[in-house]
Amino acid sequence: MDKQYDITIIGAGPAGSMSAYNLAKHFKVLIVEAHGLPRNKSCSGILIKKSVDILEKYFDNIPDNVKCTPYETNGITIIDEYMVPRDFPDKGLNILRDKFDYWLVQHAIKAGADLIDHSRVVKLDENENGVTLTIKSDSVYKINSKIVIACDGVSGTSRIMTNTPKQNKLVTYQKYYNARASIDRSKFYAYISKNFSEYDSWINTKNNHIVVGTIAKTLTKSKYFHNQFISFLRKEINFEIIKEIKDESWYIPLVIP
Ligand SMILES: Cc1cc2nc3c(=O)[nH]c(=O)nc-3n(C[C@H](O)[C@H](O)[C@H](O)COP(=O)(O)OP(=O)(O)OC[C@H]3O[C@@H](n4cnc5c(N)ncnc54)[C@H](O)[C@@H]3O)c2cc1C
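Reading the values: rules and limits
- Residues numbered from 1 in each chain as written.
- Predicted model: local features only at pLDDT ≥ 70, side-chain atom pairs only at ≥ 80, totals over all residues.
- Heavy atoms only, no water.
- Near = heavy atom within 4 Å.
- Polar contact = N/O pair within 3.5 Å; in protein donor to acceptor, adjacent residues only side chain to side chain.
- Areas by Shrake-Rupley, 256 points an atom, 1.4 Å probe, with all protein chains shown as cover.
- Helix = DSSP H or I, 4+ residues; strand = E, 2+ residues; numbered from the N terminus.
- Nonpolar A, V, L, I, M, F, W, Y, C, P; charged D, E, K, R; others polar.
- Pairing = 2+ DSSP bridges.
- Axes fitted to C-alpha atoms, helices over the stretch in contact; angles between N-to-C directions.
- Domains from an automatic or database assignment.
- Contact = heavy atoms within 4.5 Å.
- Buried area = accessible area lost by both parts, 1.4 Å probe.
- Salt bridge = Lys/Arg side-chain N within 4 Å of Asp/Glu carboxyl O.
- Disulfide = S-S within 2.5 Å.
- Parallel < 35°, antiparallel > 145°, perpendicular 65-115°, else oblique.
- Left-handed = near helix turned anticlockwise from the far one by under 90°.
- Core = buried A, V, L, I, M, F, W, Y, C linked by side-chain atoms within 4.5 Å.
- Buried < 20%, exposed > 50% of the residue type's maximum accessible area, 1.4 Å probe, protein only.

As named in an unreviewed UniProt entry, the chain is FAD-binding domain-containing protein, taken from Methanosarcina acetivorans.

Okay, structure coming up:
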């Protein structure tokens, strides 16, 4: 790895990899990723058709090993607070997030970007030539870059490092189940009832698991909503748990529609 780049991108998520892919054709680009890759992220993993079209315009078809069943999704059904369902049909794809992000970053590398993972940007110092980045991995070292692009996601610290106002965020809680339910497994169901969430709650399918998720300002509240939502789903869609597989929580930015 060199110590001087035109552009350094913090974060190897979709934003970082797509930026690197496009910029590496014209500039000397480095991606710095805090975690080892491939890395799982809590995600419903639904690529809407618009996203699929963009990706397939840039790259080859999305490979099967990136997808999970049912491969093709049939859109979202939003159930409002009066329990009235509204269908938003969409021919999207069901993907596995660790494999998807890894597939994207491979395209950036093929386009010429350098990648260092297991490496966290901990300090940014602006100077007349650009920015000096302090990077912490097994050791602490510095690299110089004319430009830095912060693609470090909702949990990133670039806002703190650059004195940018912090982003309001919510906590998601998802649980994977072996379960039975009266749902169309190719659909994503989102409930916007305030009884189960401070944003929305959802149920969808990934491989042979049903995933149930909720969002609130705190993890404790999100877990509380989860239990409320499960009780509701038992009555509403005959949700029957065979086995709990795993749970996970994550942050999501608070976006006011
Ligand atoms: C529960 C849940 C379900 C979701 N479902 C969907 C869905 O179905 N479809 C959809 O399109 N979107 C979904 N999303 C949203 C999607 O996950 C995000 O929009 C997407 O991850 C944003 O990509 P990004 O590249 O901006 O950030 P991220 O994917 O978060 O990537 C940021 C990267 O930066 C790295 N990083 C952070 N700080 C540093 C640092 N200091 N130094 C180096 N690296 C750093 C992180 O390790 C991370 O890999 C969901 C989100 C959640 C939480």
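There's more to say after this.
It is worth spelling out the site of the ligand at this point. Near the ligand there are 29 residues, and of these A15, E33, K41, I46 and R97 occur at the shortest range. In the model, an oxygen atom of the ligand is placed 2.6 Å from a nitrogen or oxygen of the E33 side chain. A distance of 3.2 Å separates an oxygen atom of the ligand from a polar atom in the backbone of G45. Within the complex, the protein chains bury 77% of what would otherwise be the 990 Å² of accessible surface of the ligand. Of all the secondary-structure elements, those providing two or more residues to the shell around the ligand are α1 (14–23), β9 (120–127) and β16 (240–253). Counting residues per element, the shell around the ligand draws most heavily on β16, at three residues. Partitioning the shell around the ligand into residue classes produces 12 nonpolar, 11 polar and six charged.

Turning next to the pairing of strand β7 (residues 92–95). Bridge count between strand β3 (residues 46–47) and β7: two bridges; the pairing is antiparallel. Residue pairing for β7: L47 is matched across the bridge by L93. Relative to β7, strand β4 (residues 67–73) runs antiparallel, the two being bridged by three bridges. In the strand pairing of β7, E72 is matched with L93.

With mixed pairing, seven strands are arranged side by side in an open sheet as β6-β5-β13-β14-β15-β12-β16. One side of each edge strand has no neighbouring strand; the edge strands of this open sheet are β6 (85–88) and β16. Direction aside, the axes of adjacent strands within the sheet are offset by 20° on average. In this sheet, strand β14 (residues 201–206) lies alongside strand β13 (residues 188–191) in antiparallel orientation, the contact comprising three bridges. Residue pairing in the sheet places Y189 in a bridge with I203 of β14.

Parsing the chain into structural domains produces domain 1 (4–45 + 99–161) and domain 2 (74–93 + 168–253). Put simply, the middle of domain 1 and the middle of domain 2, counted by C-alpha atoms, are 32 Å apart. Of the residues lining the interface, nine residues belong to domain 1; the matching set on domain 2 comes to 14 residues. Carbon and sulfur atoms make up 46% of the surface buried where domain 1 meets domain 2, a total of about 880 Å² over both sides. Counting every contact that joins domain 1 to domain 2 gives zero salt bridges.

Here W103 lies in helix α3 (residues 97–110). Along the primary structure W103 and M18 are separated by 85 residues, whereas in three dimensions their C-alpha atoms are 11 Å apart. Once residues lying within four places of it in the same chain are set aside, the contact partners of W103 are L55, F59, D60, N61, I62, P63 and V66.

This brings us to the state of the cysteines. Summed over all chains, the structure comprises zero disulfides. The thiol of C68 is not disulfide-bonded; the next cysteine sulfur, from C43, is found 10 Å away. The thiol sulfur of C151 is not disulfide-bonded, and the nearest other cysteine sulfur, from C43, lies at 17 Å.

Orientation of α1 relative to α3, taken along the N-to-C sense of each, is 20°, at an axis distance of 8 Å. Considering the angle they form, α1 stands roughly parallel to α3. Of the two possible hands of crossing, α1 and α3 adopt the one that is left-handed. Note on element contacts: α3 touches α1 through R97, F100, D101, L104, V105, H107 and A108, opposite P14, S17, M18, A20 and Y21.

Here we come to the nonpolar core. In this structure, L47, L55, I62, F100 and W103 are the most contacted members of the largest nonpolar core, which totals 24 residues. Those elements that place two or more of their residues in this core are β1 (4–10), α1, β2 (29–32), α2 (49–58), β7 and α3. Residue contributions to this core peak at five residues, all from α3. Once you skip the residues sitting within four places of it in the chain, L55 turns out to touch M18, L47, D60, I62, F100, W103 and L104.

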